[in-house]
Number of protein chains: 2
Amino acid sequence: MHAGQRSKVPRNVNMENLRGGYLFPEIAMRELEHARKYPHAKLIRLGIGDTTEPIPHIITSAMAEQALALSTVRGYRGYGDEQGNQELRMAIARAMYKDMGVKWEEVFVSDGAQCDISRVQMLLGSRVTVAVPDPSFPAYVDSSIILGQAGKFEEETRKHQNIVYMRCYPDNNFFPDLENTPRTDIIFFCSPNNPTGAAATRSQLEQLVEFARANGSIIVHDSAYSAYISDGSPRSIFEIPGAKEVAIEISSFSKFAGFTGVRLGWTVVPEELSYSNGFPAIKDFNRIVCTCFNGASNIAQAGGLACLSPDGRQALNKVIEFYRDNAMILVDAFESLGIKAYGGKNSPYAWVHFPGSSSWDVFDDILEKTHIVTVPGVGFGPGGEEYLRVSAFGNRETMLEASKRLKTLYNHFK
Amino acid sequence: MHAGQRSKVPRNVNMENLRGGYLFPEIAMRELEHARKYPHAKLIRLGIGDTTEPIPHIITSAMAEQALALSTVRGYRGYGDEQGNQELRMAIARAMYKDMGVKWEEVFVSDGAQCDISRVQMLLGSRVTVAVPDPSFPAYVDSSIILGQAGKFEEETRKHQNIVYMRCYPDNNFFPDLENTPRTDIIFFCSPNNPTGAAATRSQLEQLVEFARANGSIIVHDSAYSAYISDGSPRSIFEIPGAKEVAIEISSFSKFAGFTGVRLGWTVVPEELSYSNGFPAIKDFNRIVCTCFNGASNIAQAGGLACLSPDGRQALNKVIEFYRDNAMILVDAFESLGIKAYGGKNSPYAWVHFPGSSSWDVFDDILEKTHIVTVPGVGFGPGGEEYLRVSAFGNRETMLEASKRLKTLYNHFK
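- An unreviewed UniProt entry lists chain A under the name Aminotransferase class I/classII large domain-containing protein, with Punica granatum given as the organism.
- What the UniProt record of chain A gives under Sequence similarities (unreviewed entry) is the line "Belongs to the class-I pyridoxal-phosphate-dependent aminotransferase family. LL-diaminopimelate aminotransferase subfamily."

**Here we look at the overall build of chain A**
Here comes step 1: Looking only at helices and strands, chain A features 14 helices and 15 strands.
Here comes step 2: Counting only C-alpha atoms, chain A reaches 65 × 60 × 50 Å along its principal axes.
Here comes step 3: If you take every contact in chain A between residues at least 6 apart in sequence, the share linking residues at least 24 apart comes to 73%.
Here comes step 4: Accessible area of chain A: about 15400 Å², with a carbon and sulfur share of 49%.
Here comes step 5: With 42 positive and 47 negative side-chain charges, chain A shows a spacing of 4 Å between the two charge centroids.

**Some thoughts on the sheet that holds strand 3 (residues 130-134) of chain B**
Residue and element names in this part refer to chain B.
Here comes step 1: Overall, mixed pairing links the 7 strands, which are arranged 2-10-9-8-7-3-6 in an open sheet. Looking along the sheet, the strands with just one partner apiece sit at the ends: strand 2 (107-110) and strand 6 (163-167). This sheet shows a mean twist of 20 degrees between the axes of neighbouring strands, independent of strand direction.
Here comes step 2: By the bridge criterion, 4 bridges tie strand 8 (residues 218-222) to strand 9 (residues 247-252) in an arrangement that is parallel. Across the sheet, residue Ile 219 finds its bridge partner in strand 9, namely Ala 247.

**Some thoughts on the domain arrangement of chain A**
Residue and element names in this part refer to chain A.
Here comes step 1: In terms of domain boundaries, chain A breaks down into domain 1 (20-49 + 312-413) and domain 2 (57-308).
Here comes step 2: One C-alpha centre belongs to domain 1, the other to domain 2, and the line joining them spans 26 Å.
Here comes step 3: Contacts between the two partners involve 27 residues from domain 1, matched on the other side by 35 residues from domain 2.
Here comes step 4: Contact between domain 1 and domain 2 buries roughly 2600 Å² in total, counting both sides, with carbon and sulfur atoms accounting for 60%.
Here comes step 5: Here domain 1 is connected to domain 2 by 2 salt bridges.
Here comes step 6: Close ionic contact of Lys 345 with Asp 231 constitutes a salt bridge, the shortest N to O distance being 3.8 Å.
Here comes step 7: Applying the counting criterion to the domain 1 and domain 2 interface returns 12 residue pairs in polar contact (both at pLDDT 80 or more).
Here comes step 8: Of all elements in the fold, only helix 11 (310-336), strand 11 (341-343), strand 12 (349-353) and strand 15 (387-391) reach the threshold of two or more residues within the side of domain 1 that touches domain 2.
Here comes step 9: When residues of the side of domain 1 that touches domain 2 are assigned to their parent elements, the largest contribution, 6 residues, is made by helix 11.

**Side note on the nonpolar core**
Here comes step 1: If you look at the biggest cluster of nonpolar residues, it comprises 202 residues, and the most contacted ones within it are Phe 253 of chain A together with Phe 253 of chain B.
Here comes step 2: With near-sequence residues (within four places) excluded, Phe 253 of chain B lies in contact with Leu 88, Ile 92, Gly 258, Phe 259, Leu 264, Gly 265, Trp 266, Gly 304, Cys 307 and Leu 308 of chain B.

**What about the sheet that holds strand 6 (residues 163-167) of chain A?**
All names here are of chain A.
Here comes step 1: Taken in spatial order, the 7 strands line up as 2-10-9-8-7-3-6 in an open sheet, and their pairing is mixed. A strand with exactly one partner marks an edge of an open sheet, and here the two such strands are strand 2 (107-110) and strand 6. The average angle at which neighbouring strand axes cross in this sheet is 20 degrees, direction not considered.
Here comes step 2: Relative to strand 7 (residues 186-190), strand 3 (residues 130-134) is paired through 2 bridges, and the arrangement is parallel. Bridging across to strand 7, Ala 131 finds its partner in Ile 187.

**Some words on the relation of the copies chain A and chain B**
Here comes step 1: Each copy superposes on the other: chain A lies on chain B with an RMSD of 0.0 Å after a rotation of 180 degrees and an axial shift of 0.0 Å. Both copies are brought into coincidence by an operation consistent with a two-fold rotation axis. Residues of chain A ranked by C-alpha distance from the rotation axis are headed by Ala 64 of chain A, positioned 2.0 Å from it.
Here comes step 2: Counting the interface residues of chain A, we find that 100% of their copies in chain B are interface residues as well, pointing to one common contact surface.

**Quick notes on the interface of chain A and chain B**
Here comes step 1: Contacts between the two partners involve 94 residues from chain A, matched on the other side by 94 residues from chain B.
Here comes step 2: Between chain A and chain B the total buried area reaches about 7800 Å² when both faces are included, carbon and sulfur atoms providing 55% of it.
Here comes step 3: Scanning the region where chain A abuts chain B turns up 4 salt bridges.
Here comes step 4: Across the salt bridge formed by Asp 284 of chain B and Arg 11 of chain A, the nearest N and O atoms sit 2.8 Å from each other.
Here comes step 5: At the junction of chain A with chain B, the criterion picks out 46 residue pairs in polar contact (both at pLDDT 80 or more).
Here comes step 6: Elements represented by at least two residues in the side of chain A that touches chain B include exactly helix 1 (13-17), helix 3 (57-69), helix 5 (113-124), helix 6 (139-147), helix 7 (202-215), helix 9 (281-292) and helix 10 (298-307) of chain A.
Here comes step 7: By residue number, the principal contributor to the side of chain A that touches chain B is helix 3 of chain A, which donates 7 residues.
Here comes step 8: Residues belonging to the side of chain A that touches chain B are distributed by class as follows: 40 nonpolar, 34 polar and 20 charged.

**Some thoughts on the UniProt feature "domain: Aminotransferase class I/classII large" (unreviewed entry) in chain A**
Here comes step 1: UniProt tags residues 42-406 of chain A as "domain: Aminotransferase class I/classII large" (unreviewed entry).
Here comes step 2: Taken end to end, residues 42-406 of chain A is 37% helix and 16% strand, and its first and last C-alpha atoms sit 14 Å apart.

**Regarding the pattern of salt bridges**
Where charged atoms from two side chains of opposite charge come close, those side chains can pair.
Residues and elements named next belong to chain A.
Here comes step 1: Applying the stated criterion to the full structure yields 42 salt bridges over all chains.
Here comes step 2: The residue Arg 158 makes a salt bridge to Glu 385 at a minimum N-O spacing of 3.4 Å. Placement of Arg 158 in the loop between strand 4 (153-154) and strand 5 (159-160) and of Glu 385 in the loop between strand 14 (375-376) and strand 15 is noted, with a sequence separation of 227 residues between them.
Here comes step 3: On the basis of relative accessible area, Arg 158 is assigned to the partly exposed category, the value being 36%.
Here comes step 4: Taken together, the shared-partner salt bridges in this structure form one network comprising Glu 26, Arg 30 and Asp 364.

The rules we used
Residues numbered from 1 in each chain as written. Chains lettered and ligands numbered in written order. Predicted model: local features only at pLDDT ≥ 70, side-chain atom pairs only at ≥ 80, totals over all residues. Heavy atoms only, no water. UniProt positions renumbered as here; feature names shortened; annotations may be inferred. Helix = DSSP H or I, 4+ residues; strand = E, 2+ residues; numbered from the N terminus. Contact = heavy atoms within 4.5 Å. Areas by Shrake-Rupley, 256 points an atom, 1.4 Å probe, with all protein chains shown as cover. Lys, Arg positive; Asp, Glu negative; His and termini not counted. Charge placed at Lys NZ, Arg CZ, Asp CG, Glu CD. Pairing = 2+ DSSP bridges. Axes fitted to C-alpha atoms, helices over the stretch in contact; angles between N-to-C directions. Domains from an automatic or database assignment. Buried area = accessible area lost by both parts, 1.4 Å probe. Salt bridge = Lys/Arg side-chain N within 4 Å of Asp/Glu carboxyl O. Polar contact = N/O pair within 3.5 Å; in protein donor to acceptor, adjacent residues only side chain to side chain. Core = buried A, V, L, I, M, F, W, Y, C linked by side-chain atoms within 4.5 Å. Buried < 20%, exposed > 50% of the residue type's maximum accessible area, 1.4 Å probe, protein only. Least-squares fit on C-alpha atoms with pLDDT ≥ 70 in both. Nonpolar A, V, L, I, M, F, W, Y, C, P; charged D, E, K, R; others polar.

This is how it looks when you write it as structure tokens:
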């Protein structure tokens, strides 16, 4: 035996299938290089979708109170239920699923949507087939790879093997062409979509539910951005009749309440959802939650409860409106340049189209000329090529300054 | 299409291999039945290992302060690093791994040990072979089953297929007989052990590290109870030279700081640890943390930092000593009955031996006669048969009352 020895444990083959060039670290590297080249430039970061506005005091004071109560004999609490505090589960069922027939027992409180995506993947196991919107949040594909549902990346198609990519773009109103989509066991779907900002209409969601029912598929619906919907589109898949038999919904307080760092979310697994052998999925998910998780922080949960109080919701609505207005400033800036920009209306992102261009090239070009960091659309799947995602999280001055800098590019893009 | 339809998605075969009769729900059910039978009896719960003492104010006030800061423009923070705040990672490396050569970059902050056990399992994948101490914390086996490393439960042996059970009992000083243990890729080990309370000596841990090195295995060392060690046994596997090339360590603030509901822990993956192809495990674990997790709550992390301050540690040491004294009260009560009880010295549990008895029978008997809830040892593996785990979390009055009730059983057990 000597120093430097290797174990004889084989590396997990699934991990080998993950691509090395992970999106956000690559952006961070290019940002760093840019900062070295232009040490005096004032960088504007419209890249990662991270909330920036303070959390309303009514919410943080509830968390502070809960924290301090843990120092008292009467207020101390140890383990809570793995599924979340009943009071919060009831409040979520009431506030988010009114008249949709979702019971509080079907609501599982989590530490955020990204964490629950991988717990849902553990639930489903490695033998299911999967479809994802293209473009979409990279965690769907990456967690499918980690679980072994997906295979290697193919350079030619820029897709992973064994994944069905459902292209969403202006020509199909950012909704998959279901008639030409093969059946899969699992269909990941998010509305509003990250990155495109498109919220599926009621009629589109009805089609999706009907497609899943006809195929015996399970929809994993990500509604993390649903609070941003302003045009009356459904905020939950469970607004659609029949969805409870074919859908799981994952959601979050992150973008709704600025809880990206506080960590709180939830997942609804309806009692009606069953596997081909009739076994209810909720029983297995409960087991996953009890074995692989131990509940969200009780302090974060106290904050979640305050978010759902009438005063909390009112305060949060203002913040959401603020971000949405930011997004419209960005959309307008691009549109004034004659560049087509989507999103904004129902999301905190602008999704900007540069036909014929590589999205990394446009990313580099805008960074170079305006010192603005964005996200190249191709990071969200091959269908994101030619696009940039521009985040509206930031203060108003930043947005106006970004708008001004972008407008100076008029001649460049014309 | 009609109501009540099943999906065509197959149930995850791994989930089918989990046993239905889950330990703590079964205990809860029997407790409920008992409460119905004796509605006026004052139940004492020494079952689940849940902390009960208030958290020192110096720690909760740091969390309250962090919560309130999130309402200010200067203090607001969104996403932190998925790996944890650097300041906390550095504090953990300093406080817990002094002189062991653990770098802060090797420390990954988590929302608790149980959660990290399943993240480590995702890291390792379904094709590794696994050994666990018998008895031990059920999450090792259960997460191995969920990942597909283990097979069905066999009624005859009371073991799951494809798992090596390393028996730990008084005759081998609660340390596995490594000479007769077959090689596995992964060796789960915990010190102090939950439920036996046995802390491995330095010499035992040296044997374990040598065994792993000789076999090219990876040890997943759970040190969640290390703060309870009072006899000078190592508090970390990394006190043993050569361990960094063969071990991952999972730990927690839960039992150390009463954070069972606050949720905070950490895992150390050394840079030296590599797979058979030479690839460093830390790179894959970092990817798991970034894809399947989004960091622990920033409020909990502020509390963790306060725990590691000199005043915080001093306050926590008192709480730990208090629980350990509780444990000795329980150990003494059993010993005074002529019943052999282990643990206590280095753990908040008593591990009580009833030779020739079924542990569920003893559980029922003690519940019936003393209204005290314990945990039947067999819930921790077949090697726990004939034993009970009795938890020392609770206030002093409760322990003294439990001791009194147990002593009335003298004639019964004699």
